[in-house]
Amino acid sequence: MLTPLNILIVEDVEADAFLLLRELKRGGYDPTSTIVDTAEEMKQALERQTWDMVICDYSMPSFNALN
């Protein structure tokens, strides 16, 4: 049986998010995900609900980990 996982993915490349979800499934998880790619979307998603995990790309065109 797969372990449920509610995950927020902050990523601007759809293929990267797909690969991440595929690896989580291969690792025994059943991820339910929301994918966002802007700082505002991330803020709204964090305020809207709680997450088991948040995975964020370090550097994206609209923002990065440093700002």
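Scoring rules and cut-offs
Residues numbered from 1 in each chain as written. Predicted model: local features only at pLDDT ≥ 70, side-chain atom pairs only at ≥ 80, totals over all residues. Heavy atoms only, no water. Core = buried A, V, L, I, M, F, W, Y, C linked by side-chain atoms within 4.5 Å. Buried < 20%, exposed > 50% of the residue type's maximum accessible area, 1.4 Å probe, protein only. Contact = heavy atoms within 4.5 Å. Pairing = 2+ DSSP bridges. Helix = DSSP H or I, 4+ residues; strand = E, 2+ residues; numbered from the N terminus. Axes fitted to C-alpha atoms, helices over the stretch in contact; angles between N-to-C directions. Polar contact = N/O pair within 3.5 Å; in protein donor to acceptor, adjacent residues only side chain to side chain.

Chemist: I'd like to hear about the nonpolar core, residue by residue, with values.
Modeler: Core analysis: the largest hydrophobic core is formed by 7 residues, namely L8, V10, V36, A45, W51, M60 and F63. Residues contacting L8, with those up to four places away along its chain left out, are T34, V36, M42, A45, L46, W51, M53, V54 and I55. In this structure, L5, I7, A17 and L21 belong to the second largest nonpolar core, which totals 6 residues.

Chemist: Before we move on, could you go through the sheet that holds strand β1 (residues 3–10) and cite the residues and values that matter?
Modeler: With parallel pairing, 3 strands are arranged side by side in an open sheet as β2-β1-β3. Both outer strands of the open sheet, β2 (29–36) and β3 (53–56), are each paired with one neighbouring strand and no more. Averaged over all pairs of adjacent strands, the angle between strand axes in this sheet comes to 25°, irrespective of strand direction. Sitting on the sheet, helix α2 (residues 39–48) is in contact with β1, β2 and β3, with an inclination near 150° to β1.

Chemist: Give a detailed account of the environment of D52, specifying residues and quantitative values.
Modeler: Along the chain, the position of D52 falls in the loop between α2 and β3. According to the relative accessible area criterion, D52 is exposed, its value standing at 54%. Apart from residues no more than four positions distant in its own chain, D52 is found in contact with P4, L5 and N6. Within the local environment of D52, its side chain forms a polar contact with the backbone nitrogen of N6, the two atoms lying 2.7 Å apart.

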